[in-house]
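The primary structure of each chain is shown beneath.
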Amino acid sequence: MFCEANVAIARRLAGGGVMLGVLAVLGGCQAWSPAPEGLDVERVKKSFVERDCPAGRCATVEVGSLRFPGAPGLSERLRDDLLSMGSGITNGDSEAVVSSWEEYAQTFFDEAKAARERVPELPGYQAVFKAEVYDRHAELTTIKLDSYVFTGGAHGMPLTEFMVIDEREKRVVTLDDMLREGQTPAYREALSRAHLRWLEEQQAGADFAESWPLSMNRNVAPFADEWRVRYNAYDIAPYSYGQPELRIPVQSLEGIVKPRYLER
């Protein structure tokens, strides 16, 4: 059962006048039952194109997501999380929360039309959403959620979030669920060491590290041999660096993470 509190996260990032408002919907209380042989996964594809718009400047929304036939509550959770990643990433003022792809597309198209009224030469808005199985081992399934929203300016904004499903416990788990009690500081130290390795790989000097300091990150994907911690653009590096992914060997997490989440 999902019984986590909903948390709203809004961040304004520099670059291209883009407003980034990310609503991280951490779920209500929804029960689900996986299929006997495991968690079945099906693809979901949707495509929307704005109507009555200037040729070559129509807004589009593309969706390549997942659903779980034996777990409708989990399917809703994934859809809502993915929808939230595109909420508020516009040059407008709308921060409305939507509950379907059709509703999102209509809201997105309305904002695109309003933007063109202000700036007629504005290129077409574009929103792309994807979900895929990123890793599966020891009855842990990690789903990678990606979004890319372009609303003019120099570039669009990519976002990535991980959803970790513990099939044994029949729930989505967070970093706090996976850490041993009181081990958050130790996790931060392991993350810091991974960051130093990443800086060396990038051949980044002291000035870079000072300008782009490390921040705490709970967006983790637990693989069998390492944990991958994904940052979004502008979090710890300029946009040109993409979305940095720090890697922590599982050996460095022993005593920090509950044994369940270090299984291979």
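Residues numbered from 1 in each chain as written. Predicted model: local features only at pLDDT ≥ 70, side-chain atom pairs only at ≥ 80, totals over all residues. Heavy atoms only, no water.

### Let's talk about the pattern of salt bridges
Going by this rule: Salt bridges, as used here, are contacts in which a Lys or Arg side-chain nitrogen is within 4 Å of a carboxyl oxygen on Asp or Glu. The helix and strand labels rest on DSSP assignments: H or I over at least four residues marks a helix, E over at least two residues marks a strand, and numbering proceeds from the N terminus. Three exposure classes are used, based on accessible area relative to the maximum for each residue type with a 1.4 Å probe and protein chains only: buried under 20%, partly exposed in between, and exposed over 50%.
Here the structure, examined in full by the defined rule, presents 19 salt bridges. Here Glu 42 and Arg 67 are joined by a salt bridge, their closest N and O atoms 3.8 Å apart. Linking Glu 42 in strand 3 (residues 42–49) with Arg 67 in strand 4 (residues 60–67), this pair joins segments that are 25 residues apart in sequence. Owing to a relative accessible area of 37%, Glu 42 belongs among the partly exposed residues under this scheme. Where salt bridges share partners, they join Glu 139, Asp 166, Arg 168, Arg 260 and Glu 263 into one cluster.

### Structural notes on the side chain of Arg 230
Which entries qualify depends on this criterion: In protein, a polar contact requires one atom able to donate a hydrogen and another able to accept it; more generally it is a pair of N or O atoms within 3.5 Å, and residues adjacent in sequence count only if both atoms are side-chain atoms. Contacts: residue pairs with any heavy atoms within 4.5 Å of one another.
Mapped onto the elements, Arg 230 comes out in strand 10 (residues 226–230). Within the local environment of Arg 230, its side chain forms a polar contact with the side chain of Glu 245, the two groups lying 2.8 Å apart. Sequence-distant contacts of Arg 230, that is, excluding residues within four places in its chain, are made with Tyr 134, Lys 144, Thr 160, Phe 162, Asn 217, Asn 219, Gln 243, Pro 244 and Glu 245.

### With respect to helix 4 (residues 184–201)
Cut-off, in case you're wondering: Helix span, as expected, comes to 1.5 Å for every residue beyond the first.
Relative to the 26 Å expected for 18 residues at 1.5 Å per residue, helix 4 spans 26 Å between its end C-alpha atoms, a close match to the ideal helical length. What helix 4 keeps buried is the set Ala 186, Tyr 187, Ala 190, Leu 191, Ala 194, His 195, Trp 198 and Leu 199. In the stretch just after helix 4, Gln 203 is the one whose phi turns positive, near 55°.

### Digging into the sheet that holds strand 8 (residues 171–173)
Here is the rule: Strands pair, by our definition, only if DSSP identifies at least two bridges between them. Simply put, an axis is a line fit to the C-alpha atoms, just over the touching stretch for a helix, and the angle between two N-to-C directions goes from 0 to 180 degrees.
The 6 strands are arranged 3-4-5-6-7-8 in an open sheet whose pairing can be described as mixed. Edge strands, defined here as strands with exactly one partner in the open sheet, are strand 3 and strand 8. Neighbouring strand axes in the sheet, compared pairwise and without regard to direction, differ in orientation by 25° on average. The pairing of strand 7 (residues 157–166) with strand 8 spans 3 bridges and is classified as antiparallel. Bridge pairing in strand 8 links Val 164 to Val 173.

### Looking at the side chain of Glu 226
Here Glu 226 is to be found in strand 10. At 2.9 Å, the side chain of Glu 226 forms a polar contact with the side chain of Arg 228. In terms of polar contacts, Glu 226 uses its side chain to reach the side chain of Arg 247, at 3.1 Å. Look past the residues within four positions of Glu 226 in its chain and what remains in contact with it is Ala 221, Arg 247, Ile 248, Pro 249 and Val 250.

### Brief notes about the nonpolar core
Cut-off, in case you're wondering: Only buried residues count toward a nonpolar core. Its members are Ala, Val, Leu, Ile, Met, Phe, Trp, Tyr and Cys residues joined through side-chain atoms within 4.5 Å.
If you look at the biggest cluster of nonpolar residues, it comprises 33 residues, and the most contacted ones within it are Val 61, Tyr 104, Phe 108 and Ile 143. Secondary structure elements with two or more residues in this core: strand 4, helix 1 (72–84), helix 2 (101–118), strand 5 (126–137), strand 6 (140–150) and strand 7. For this core, the element with the highest residue contribution is helix 2, accounting for 7 residues. In this structure, Val 61 is in contact with Lys 46, Ser 47, Phe 48, Tyr 104, Ala 105, Phe 108, Phe 109, Ala 127 and Phe 129, ignoring residues within four places of it in sequence. Membership of the second largest hydrophobic core comes to 28 residues, among which are Leu 140, Ala 186, Ala 190 and Leu 246.

### With respect to the pairing of strand 10
Both faces of the sheet carry side chains from a regular strand, because those side chains alternate between them. Of all 5 residues in strand 10, 5 are buried; the element is thus mostly enclosed. In the sheet, strand 9 (residues 220–222) pairs with strand 10 via 3 bridges, with the strands oriented antiparallel. Directly across from Ala 221, in strand 10, lies its bridge partner Arg 228. Linking two consecutive strands that pair antiparallel, namely strand 9 and strand 10, is a turn of 3 residues. Sheet analysis places strand 10 next to strand 11 (residues 245–249), joined by 5 bridges and oriented antiparallel. Bridging from a neighbouring strand, Arg 228 pairs with Arg 247 of strand 11.

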